[in-house]
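Chain by chain, the residues run as shown.
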Amino acid sequence: MEPVRLGIVGCGVIGTRHLQTATDVPETEVVAIADVREDVAHAAAARFGVSRVYNDAEALFADPAVEGVILALPAFARTDLALRAFAHGKHVLTEKPVARNAGEVQQMIAARGELVAGCCSARYRFLASSEAVASFLASGALGEIRTVRCRAIKSIGVPPQAPPPNWRLSKELNGGGILVNWGSYDLDYLFGVTGWSLVPETVLAQTWTIAPEFASYVTPNSDAETHVAALIQCAGGVTFTYERGEYMAAAQDEAWEITGTRGTLHLPMVPSKGKAIVHDEATSTGVVSHTIWSGAEDFGMTHTGLEPDFARAIREHRQPRTSLEQALLVQRVTDAIYASAAQGRAVSVE
């Protein structure tokens, strides 16, 4: 296929990742970049051999050489930029979280028209292990799904040499904290591998900011959560329990699992050298465990699928692995978690 000509807005850490991948794969060609920091933009252009450099995203959107854009900057700026890109007839791939609230996602859907648009929350579903999980679940081997569970806890460590970026734990700039930073991946992964068949209806949740003892670990005035726990009730009686935390006074723990009437699947989302997907199967003689997939994966692999999928979606006139409609479902659950935590009661998912 003819490479899709991309423009990338934002040349920070994640923007550089997009630049590297989009330069390396045959499906895409980076023809323009933009960043308000002129020195950063020109340094990135020199490193990756990009000839068009802009200090204003609007100028990049107006460039007729650009077919699609990747928005690699904090959430507070992305919705407006996506709307402006659509107005220029550009396809859009936006970083995660897709937006700060469901209303912003709905604005993007309304403005997209016939263009292609998606969200980067699908990163972990491009892994070979995830493809194996999706295929296994689609076979019906677990029977009727009853529970979905995710508990991912990162222990407190030594104080960081430098606090994280000020937007990372800012409700205004990022839409939230750990729930949008990592929960967007968790929810996309679990909804995605189950074929987007789960229909969330009610949420009961609680969030917590960083413990006072560890306040020096984060940027001053951080107001977003570092710990979230939620019970998500889905149609058909499926129950989804979710917990994510960082800077935690707890041992490291990572577990993603789905239990059905005929078995349980243990499906670790994050890469590791000895990763295994294990099926606990109910038999006439008891529960027997089978490894349905094993192999070595690393985090670099999570950055190689988005750009080719976005490019192929443009050429094939379809939506990417996570469309705006699917990202809207993730955002609606996210909004319900925040609403429940704020109100101290269960709330309905919009």
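These remarks concern the structure in this document.

Quick notes on the rules
Residues numbered from 1 in each chain as written. Predicted model: local features only at pLDDT ≥ 70, side-chain atom pairs only at ≥ 80, totals over all residues. Heavy atoms only, no water. Helix = DSSP H or I, 4+ residues; strand = E, 2+ residues; numbered from the N terminus. Rg over C-alpha atoms; globule rule 2.2 N^0.38 Å. Buried < 20%, exposed > 50% of the residue type's maximum accessible area, 1.4 Å probe, protein only. Areas by Shrake-Rupley, 256 points an atom, 1.4 Å probe, with all protein chains shown as cover. Lys, Arg positive; Asp, Glu negative; His and termini not counted. Charge placed at Lys NZ, Arg CZ, Asp CG, Glu CD. Pairing = 2+ DSSP bridges. Right-handed = clockwise from strand over helix to strand, strands pointing away. Contact = heavy atoms within 4.5 Å. Axes fitted to C-alpha atoms, helices over the stretch in contact; angles between N-to-C directions. Parallel < 35°, antiparallel > 145°, perpendicular 65-115°, else oblique. Left-handed = near helix turned anticlockwise from the far one by under 90°. Nonpolar A, V, L, I, M, F, W, Y, C, P; charged D, E, K, R; others polar.

Further remarks concern the overall build of the protein chain. The secondary structure content of the protein chain amounts to 11 helices and 15 strands. Against the globule reference of 20 Å for 350 residues, the protein chain gives a C-alpha radius of gyration of 20 Å, in line with a compact fold. Principal axes of the C-alpha set define a box for the protein chain whose edges measure 65 × 50 × 40 Å. Looking at the protein chain as a whole, 52% of its 350 residues are labelled buried. Total accessible area on the protein chain is roughly 14,700 Å²; 53% of this is exposed by carbon and sulfur atoms. With 29 positive and 39 negative side-chain charges, the protein chain shows a spacing of 1 Å between the two charge centroids.

We now examine the pairing of strand S5 (residues 91-94). Of the two faces of S5, the one carrying His91 and Leu93 and the one carrying Val92 and Thr94 are both buried. Sheet topology note: the strand S4 (residues 68-71)/S5 ladder contains four bridges and is parallel. Counterpart to Ile70 in the pairing with S5 is Leu93. Viewed along the sheet, the connection from S4 through helix H4 (residues 75-87) into S5 turns out right-handed. Sheet topology note: the S5/strand S6 (residues 117-119) ladder contains three bridges and is parallel. Following the sheet pairing, Thr94 is matched in S6 by Cys119. The β-α-β motif built from S5, the intervening helix H5 (residues 102-112) and the parallel element S6 has right-handed crossover chirality.

Turning our eyes to something else, we now look at the sheet that holds strand S12 (residues 263-266). Sheet architecture is open: nine strands sit in the order S14-S13-S12-S11-S7-S10-S9-S8-S15, paired in mixed fashion. Looking at which strands have only one partner, the edges of the open sheet turn out to be strand S14 (286-295) and strand S15 (347-348). Note that strand S13 (residues 275-283) and S14 share nine bridges and pair antiparallel. Bridged to Lys275 within S14 is Gly295. Lying over the sheet, helix H6 (residues 128-138) contacts strand S11 (253-260), S12, S13 and S14, oriented at roughly 140° with respect to S14.

Turning next to the packing of H5 against helix H11 (residues 324-343). Look at H5 against H11: their axes get within 9 Å of each other, and the N-to-C directions meet at 165°. Relative to H11, the element H5 lies roughly antiparallel. Crossing geometry of H5 relative to H11 is assigned as left-handed. Along its contact with H5, which presents Ala102, Val105, Gln106, Met108, Ile109 and Arg112, the element H11 presents Leu324, Glu325, Leu328, Gln331, Arg332 and Asp335. Tallied by class, residues from the contact of H5 with H11 come to six nonpolar, two polar and four charged.

No statement about biological role is implied by the geometric values presented.
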